[in-house]
Protein chains: 2
Amino acid sequence: MINLESLFKITYGLYIVCSGDKNRSNGFISNTIFQVSSEPIQFAACCSKNNYTSEFIKKQGVFSISVLHKETDAEIYTKFGYKSGRDFNKLEGMNVKYGKTGVPIVLNDSIAYLECKVVQTHDVGTHWLFIGELIDAQIIDETNEPITYSYYREIKKGLAPKNAPTYIDKTKLEANTETTKSVKYECTVCGYIYDENKEEDSFLDLPDSWECPVCGADKESFIEI
Amino acid sequence: MINLESLFKITYGLYIVCSGDKNRSNGFISNTIFQVSSEPIQFAACCSKNNYTSEFIKKQGVFSISVLHKETDAEIYTKFGYKSGRDFNKLEGMNVKYGKTGVPIVLNDSIAYLECKVVQTHDVGTHWLFIGELIDAQIIDETNEPITYSYYREIKKGLAPKNAPTYIDKTKLEANTETTKSVKYECTVCGYIYDENKEEDSFLDLPDSWECPVCGADKESFIEI
């Protein structure tokens, strides 16, 4: 039987991937970025077909990658990871630069950015795999370290949203691992689990002002599971 | 001008990717592995067309990924990163398991492994991008952490070999960054630079038994640059 926990041993960073132009744009949190060649310098980015940003990348043929650091504001993950740009303009109020291709680049909590022009698009089932040639790349902040996905999961207690290539259904994961009897509450917004066995307080003892540590949803957004 | 240093802000792990069967096989060090979908679980692996392992992956249609940990023996990087399996059998003497598809899986210094069956192959120029469906995945060692490419670069002073998708020509990199006048010696085997400005000893003062910290080549393999 496949041990799904082993998939968490693959190392990733976390990025905001954006596309669009000055008029319309969107971005999302991605962990699946890697360089595929050095002559020319090309990068691969994986993006769910359900993801609104996919539509912009396909239409505009460009995307930017902002490299997030370890102390990235939780609001960034909430906005770009768990909310859809179909409902509001994610880039409003953000510190945005427009690149050489006109693509928006988010600078908030970013230590570097890359700008790519799509040269290939591959259908890998539920996701698109975009291959982009590097147009520009700059460092913004020399002091902070890039955040890794394992740091986000282990230290920040963050979870992959459903559209992420690395999303793992928790019921499958728990069938794979030893389980203990406990009371758990799930955030209906982002899927975060408050497990009383691992916390100091029982869920009901938490103050009404308590918020989901991942997406900021209020206590009433949780259901007992 | 593109700042090539920004490419080092992209986070990667380090893996041994193997292919072949019980009779003939090969493996190489890869940092470019990511999951591309969760239904079904699929992974992308990027591999130079010059890489001997590419031939096995294309022929056998399978590959394994062994996740290396932080304390991985330098000999592993030397053997799988800087030597060609065209010259000798890299898997001889290694702790190898054969997976469900018959693919060899290196267990030395690995904390987990994944076994994939190729479902798509994309030509991205100098490299192939293989998409593989996950056949098996297991954890071998719960105690060690996966090594990251930045840890390998900064702490272990390792460099990407020329076939790596993330290989950066040092002359280009130095044209990008502030340079100081110094005496440097380059390892002709792996490209490691001994920079006297950053070291306690001048190169000539090093003992004859001194070896390249990356690939283990002897002192005579270095040339002044």
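Keep in mind the model is a prediction, meaning the values are calculated, not measured.

J.: Help me understand helix 2 (residues 74–82) of chain A in this model?
T.: The periodicity of an α-helix, 3.6 residues per turn, causes residues three or four places apart in sequence to face the same way. Residues and elements named next belong to chain A. Most of helix 2 is tucked away, with seven of its nine residues classed as buried. Ile76, Tyr77, Thr78, Lys79, Phe80, Gly81 and Tyr82 are the residues of helix 2 that are buried. Among the structural elements, strand 1 (15–20), strand 2 (25–30), strand 5 (62–68), strand 7 (104–106) and helix 3 (149–154) are those in contact with the buried residues of helix 2. At the N-terminal end of helix 2, a side-chain oxygen is found 2.9 Å from the backbone nitrogen of Glu75, two or three residues along, and the residue is Asp73.

J.: Could you clarify how one ought to interpret the pattern of salt bridges in this entry?
T.: Oppositely charged side chains may form a pair once their charged atoms are brought near each other. Residues and elements named next belong to chain A. Scanning the entire structure with this criterion turns up 10 salt bridges over all chains. When the shortest N-O distance is used, the salt bridge between Lys156 and Glu71 registers 3.7 Å. With a gap of 85 residues between them, Lys156 in the loop between helix 3 and helix 4 (170–176) and Glu71 in the loop between strand 5 and helix 2 connect regions that are remote in the sequence. A residue is classified by how much of its surface remains accessible, and Lys156, at 31% relative accessible area, is partly exposed.

J.: Sorry, what's going on with the confidence of the model for chain A here?
T.: Where the model shows low pLDDT, its predicted coordinates should not be examined in detail. Of the residues in chain A, 96% reach a pLDDT of 70 or more, and the chain-wide mean stands at 91. Confidence estimates for the predicted assembly give a pTM of 0.83 and an ipTM of 0.83.

J.: So what exactly am I meant to see when it comes to the interface of chain A and chain B here?
T.: Accessible area lost during the coming together of the parts is what is often quoted as the interface size. With 55 residues of chain A in contact, the opposing surface of chain B contributes 55 residues. Approximately 4400 Å² of surface area, both sides summed, lies buried where chain A meets chain B, with 61% of it carried by carbon and sulfur atoms. When residues of chain A are sorted by the area they lose upon contact with chain B, Lys9, Thr11 and Phe34 of chain A head the list and together hold 16% of the total. At the boundary of chain A with chain B, the tally comes to zero salt bridges. Elements supplying a minimum of two residues to the side of chain A that touches chain B: strand 3 (33–38), strand 4 (41–48), strand 8 (110–123) and strand 9 (127–139) of chain A. Looking at the side of chain A that touches chain B element by element, the count peaks at nine residues for strand 9 of chain A. Considered class by class, the residues forming the side of chain A that touches chain B number 31 nonpolar, 16 polar and eight charged.

J.: Looking at this model, I keep getting lost on the sheet that holds strand 4 (residues 41–48) of chain B. Mind explaining?
T.: Picture the strands of a sheet paired through backbone hydrogen bonds; they go either parallel or antiparallel. Residues and elements named next belong to chain B. Read across the sheet, seven strands follow the order 2-1-5-8-9-4-3 without closing on themselves; strand pairing throughout is antiparallel. This sheet does not close on itself; its edge strands, each paired only once, are strand 2 (25–30) and strand 3 (33–38). Neighbour to neighbour, the strand axes of the sheet diverge by 35° on average, direction disregarded. Pairing geometry for strand 8 (residues 110–123) and strand 9 (residues 127–139), over 11 bridges, is antiparallel.

J.: Before we go on, may I ask you to explain the relation of the copies chain A and chain B in this structure?
T.: Each of the two chain copies can be brought onto the other by rotation about an axis and movement along it. For the match of chain A to chain B, the screw axis carries a shift of 0.0 Å, the RMSD comes to 0.0 Å, and the turn is 180°. Here the transformation between the copies is reduced to the relation of a two-fold axis. Looking at the rotation axis and the C-alpha trace of chain A, the residue lying nearest is Tyr12 of chain A, at 2.9 Å. Of the residues that chain A buries at the interface, 100% are likewise interface residues in chain B, meaning the two copies contact each other through the same surface.

J.: What is the right way to look at the sheet that holds strand 1 of chain A in this model?
T.: Residues and elements named next belong to chain A. On the basis of which strands lie adjacent, the open sheet formed by seven strands has the order 2-1-5-8-9-4-3 and antiparallel pairing. Across the chains shown, the open sheet's two edge strands, defined by having one partner strand only, are strand 2 and strand 3. Taken over all neighbouring pairs, the strand axes of this sheet differ in orientation by 35° on average, direction set aside. One ladder, built from five bridges, connects strand 3 with strand 4; its direction is antiparallel. When the bridges of strand 4 are listed, Gln35 appears paired with Phe43. Contacts between helix 1 (residues 52–60) and the sheet are confined to strand 1, strand 2, strand 4, strand 5, strand 8 and strand 9, with strand 1 contributing the most and set at about 50° to the helix.

J.: For this particular structure, what's the right way to read empty space enclosed by the protein?
T.: Applying the stated criterion to the full structure yields two cavities of 30 Å³ or more. Roughly 40 Å³ of volume is contained in the largest cavity. Secondary-structure elements contributing two or more residues to the lining of the largest cavity are strand 3 of chain A together with strand 3 of chain B. The class makeup of the residues in the lining of the largest cavity is six nonpolar, five polar and no charged. When its volume is computed, the second largest cavity comes out at roughly 40 Å³. Along the walls of the second largest cavity sit Gln35 of chain A together with Leu7, Phe8, Tyr12, Tyr149, Thr166 and Ile168 of chain B, which together make up its complete lining. Counted by class, the lining of the second largest cavity contains five nonpolar, two polar and no charged residues.

J.: Sorry, what's going on with the side chain of Ser37 of chain B here?
T.: Examined against the element boundaries, Ser37 of chain B turns out to sit in strand 3. Looking at Ser37 of chain B, its side chain comes within polar contact range of the main-chain oxygen of Pro40 of chain B, at 2.7 Å. Separated by 2.9 Å, the side chains of Ser37 of chain B and Gln42 of chain B make a polar contact. Setting aside its immediate chain neighbours within four residues, Ser37 of chain B contacts Val124, Thr126, His127 and Pro165 of chain A together with Gln42 of chain B.

Rules used in this analysis
Residues numbered from 1 in each chain as written. Chains lettered and ligands numbered in written order. Predicted model: local features only at pLDDT ≥ 70, side-chain atom pairs only at ≥ 80, totals over all residues. Heavy atoms only, no water. Buried < 20%, exposed > 50% of the residue type's maximum accessible area, 1.4 Å probe, protein only. Helix = DSSP H or I, 4+ residues; strand = E, 2+ residues; numbered from the N terminus. Contact = heavy atoms within 4.5 Å. Polar contact = N/O pair within 3.5 Å; in protein donor to acceptor, adjacent residues only side chain to side chain. Salt bridge = Lys/Arg side-chain N within 4 Å of Asp/Glu carboxyl O. pLDDT = per-residue confidence, 0-100. Buried area = accessible area lost by both parts, 1.4 Å probe. Nonpolar A, V, L, I, M, F, W, Y, C, P; charged D, E, K, R; others polar. Pairing = 2+ DSSP bridges. Axes fitted to C-alpha atoms, helices over the stretch in contact; angles between N-to-C directions. Least-squares fit on C-alpha atoms with pLDDT ≥ 70 in both. 1 Å grid on protein atoms, 1.4 Å probe; cavity = no way out; pocket = protein on both sides within 12 Å on 5 of 7 lines; lining within 4 Å. Points joined across faces, edges and corners; volume = space filled by probe spheres on them.

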